[in-house]
Amino acid sequence: MIPALVLVAAYLIGGIPFGYIIVRLKTGRDVRSLGSGNIGATNVLRTTGRAVAVVTLLLDIVKGFAAVWLMAWASDDSPIWMSAAALAVMAGHAFPVFLKFKGGKAVASFIGAFLYLTPLPLLAVLLLFVIVVAATRHISLGSIVAAGTFPLAVWLILHPPAAVVIAALIAGAFIVIRHKANIERIRAGNEYVFRFGRNA
């Protein structure tokens, strides 16, 4: 019973829209009406500035980590329940009840959740992310490549229980799907170019 309640809590934790809240408090604007309309750190960086984006990124990572950590405590480190919590916190970020189910791409909450659940594979794909972004200047492409290779990294590095592999597959596919518009812009040659500063 307790793990089931924590699973609901994981979704609600994921639904806390830090990007929306912080931009609203700092500027009075709705980040959903700016840039790409996303509530995540990349759009916050592009529209509001570095400091706010870094805070948004860190808080979104923390909520992913916290959700899985809480489930680990509630379920005696059950791989099934922790995997479910990782997906629930991502779902909360992407479809937050507090913003009428219109949220972000869930990359940062994915990082936090799997930083707890599968830290070594996550670090491996984050390195790949950095390489891709450095080479292309597209954060979206780095996210897509990292998410797409993440399930394989989980399997090769950890050989974990099936529930963890399945969660990695679902999470990776989910992030790639959430980047559909970015993929179209990459193909068209007009995807946003990353610069670590305001209005990038």
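Residues numbered from 1 in each chain as written. Predicted model: local features only at pLDDT ≥ 70, side-chain atom pairs only at ≥ 80, totals over all residues. Heavy atoms only, no water.

J.: What is the right way to read the overall build of the protein chain from this model?
T.: When helices and strands are counted, the protein chain shows 10 helices and zero strands. Put simply, the protein chain runs from its N terminus to its C terminus through helices and strands in the order α-α-α-α-α-α-α-α-α-α. Here the C-alpha atoms of the protein chain give a radius of gyration of 16 Å, agreeing with the 16 Å that 2.2 N^0.38 yields for 200 residues. Counting only C-alpha atoms and orienting by the principal axes, one finds that the protein chain spans roughly 45 × 35 × 25 Å. Residue burial in the protein chain is summarised as follows: out of 200 residues, 46% are buried. The contacts in the protein chain between residues at least 6 apart in sequence include a share of 67% that link residues at least 24 apart. Per element, the accessible surface of the protein chain, about 9700 Å² overall, is 71% carbon and sulfur. Taken as two groups, the 17 positive and 6 negative side-chain charges of the protein chain have centres that lie 14 Å from each other. (Helix = DSSP H or I, 4+ residues; strand = E, 2+ residues; numbered from the N terminus. Rg over C-alpha atoms; globule rule 2.2 N^0.38 Å. Buried < 20%, exposed > 50% of the residue type's maximum accessible area, 1.4 Å probe, protein only. Contact = heavy atoms within 4.5 Å. Areas by Shrake-Rupley, 256 points an atom, 1.4 Å probe, with all protein chains shown as cover. Lys, Arg positive; Asp, Glu negative; His and termini not counted. Charge placed at Lys NZ, Arg CZ, Asp CG, Glu CD.)

J.: Any chance you could explain the packing of helix α6 (residues 107-117) against helix α9 (residues 162-178) here in plain terms?
T.: Working note: a packed helix pair is described by the angle between its axes plus the distance between those axes. Where α6 meets α9, the closest approach of the two axes is 11 Å, and the angle between their N-to-C directions is 165°. By the angle class used here, α6 and α9 are roughly antiparallel. As α6 runs across α9, the sense of the crossing is left-handed. Touching Val107, Phe110, Phe114 and Leu117 of α6 are Val164, Ala167, Ala168, Ala171 and Ile175, all from α9. Here the residues of the contact of α6 with α9 are counted per class, giving nine nonpolar, no polar and no charged. (Axes fitted to C-alpha atoms, helices over the stretch in contact; angles between N-to-C directions. Parallel < 35°, antiparallel > 145°, perpendicular 65-115°, else oblique. Left-handed = near helix turned anticlockwise from the far one by under 90°. Nonpolar A, V, L, I, M, F, W, Y, C, P; charged D, E, K, R; others polar.)

J.: Got a minute to help me understand the environment of serine 36 in this structure?
T.: Within the secondary structure, serine 36 sits in the loop between α2 (18-27) and α3 (41-47). Classification of serine 36 by relative accessible area gives partly exposed; the value is 35%. Along the primary structure serine 36 and alanine 106 are separated by 70 residues, whereas in three dimensions their C-alpha atoms are 15 Å apart. Once residues within four sequence positions are removed from consideration, serine 36 is found in contact with Asn43, Arg46 and Tyr192. Here the side chain of serine 36 touches asparagine 38 through a polar contact of 3.3 Å, landing on its backbone nitrogen. (Polar contact = N/O pair within 3.5 Å; in protein donor to acceptor, adjacent residues only side chain to side chain.)

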